[in-house]
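Read off the chains here:
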Amino acid sequence: NQLVERIPNSLFELELLRVIDLDANNLTGTLSEKIGLLTELQYLSLFDNGFTGTIPAEIGALEKLQTGYLDNNDFTGTIVDSGGICA
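Residues numbered from 1 in each chain as written. Predicted model: local features only at pLDDT ≥ 70, side-chain atom pairs only at ≥ 80, totals over all residues. Heavy atoms only, no water.

Draft legend 1. Broad picture of the nonpolar core. Within the largest apolar cluster, 21 residues are counted, with the highest numbers of intra-cluster contacts made by Ile7, Ile20, Ile35, Leu44, Leu46 and Ile59. Residues within four places of Ile7 in sequence aside, it is in contact with Phe12, Leu22, Leu27, Leu31, Leu46 and Phe51. (Core = buried A, V, L, I, M, F, W, Y, C linked by side-chain atoms within 4.5 Å. Buried < 20%, exposed > 50% of the residue type's maximum accessible area, 1.4 Å probe, protein only. Contact = heavy atoms within 4.5 Å.)

Structure below.
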């Protein structure tokens, strides 16, 4: 992919979404706390983008999340109860 700018808010309305694989794009800005609405999410890959700001605490509450990659961004903070997240 060669997506540019931000993840559209409409993505966070897909409540049954299980996989987000948006690594190695040109995504920037902060990651919305609306990610917590994706209660079925099992895999999250956002590495190698230009995200900034804190990692939303809502990621730690995603009970079905098994694997996630947030590295190679400019995130700050930590994830509590993160399961398989690599930040």
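Now that the structure is up, let's keep going.
Draft legend 2. Region of the structure containing unusual backbone geometry. Unlike most non-glycine residues, Ala24 shows phi in positive territory, near 55°. Looking at the element boundaries, Ala24 is found in the loop between β2 (19-21) and β3 (26-29). For Asp48, which is not glycine, the phi dihedral falls at a positive 60°. (Helix = DSSP H or I, 4+ residues; strand = E, 2+ residues; numbered from the N terminus.)

Draft legend 3. Representation of the packing of aromatic side chains. Across all of its chains, the model carries three aromatic pairs by this definition. The interplanar angle of 80° and the centroid separation of 6.4 Å between the aromatic rings of Phe47 and Tyr69 together place this pair among those described as edge-to-face. Here Phe47, found in the loop between β4 (43-45) and β5 (50-54), pairs with Tyr69, found in strand β6 (residues 67-69); they are 22 residues apart in sequence, far enough to count as distant. For Tyr69, a relative accessible area of 31% puts it in the partly exposed group. Centroid distance Phe51 to Phe75: 5.6 Å. Interplanar angle 10°. Geometry classified as stacked. Taken together, the residues Phe51 in strand β5 and Phe75 in strand β7 (residues 74-76) connect sequence positions 24 residues apart. With relative accessibility at 1%, the residue Phe51 sits in the buried group. Site record: aromatic cluster; members linked through ring pairs are Tyr43, Phe47 and Tyr69. (Phe/Tyr/Trp six-rings, centres within 6.5 Å; stacked < 30°, edge-to-face > 60°.)

Draft legend 4. Expanded view of the environment of Ile35. Within the secondary structure layout, Ile35 lies in the loop between β3 and β4. When its relative accessible area of 1% is taken as the criterion, Ile35 is described as buried.

Draft legend 5. Spotlight on the pairing of β5. The sheet contact formed by β3 and β5 spans two bridges and is parallel. Residue pairing in the sheet places Gly29 in a bridge with Phe51 of β5. One ladder, built from three bridges, connects β5 with β7; its direction is parallel. Each bridged residue has a counterpart across the sheet, and for Thr52 the counterpart in β7 is Asp74. (Pairing = 2+ DSSP bridges.)

Remember that the coordinates give geometry; whether it matters functionally is a separate question.
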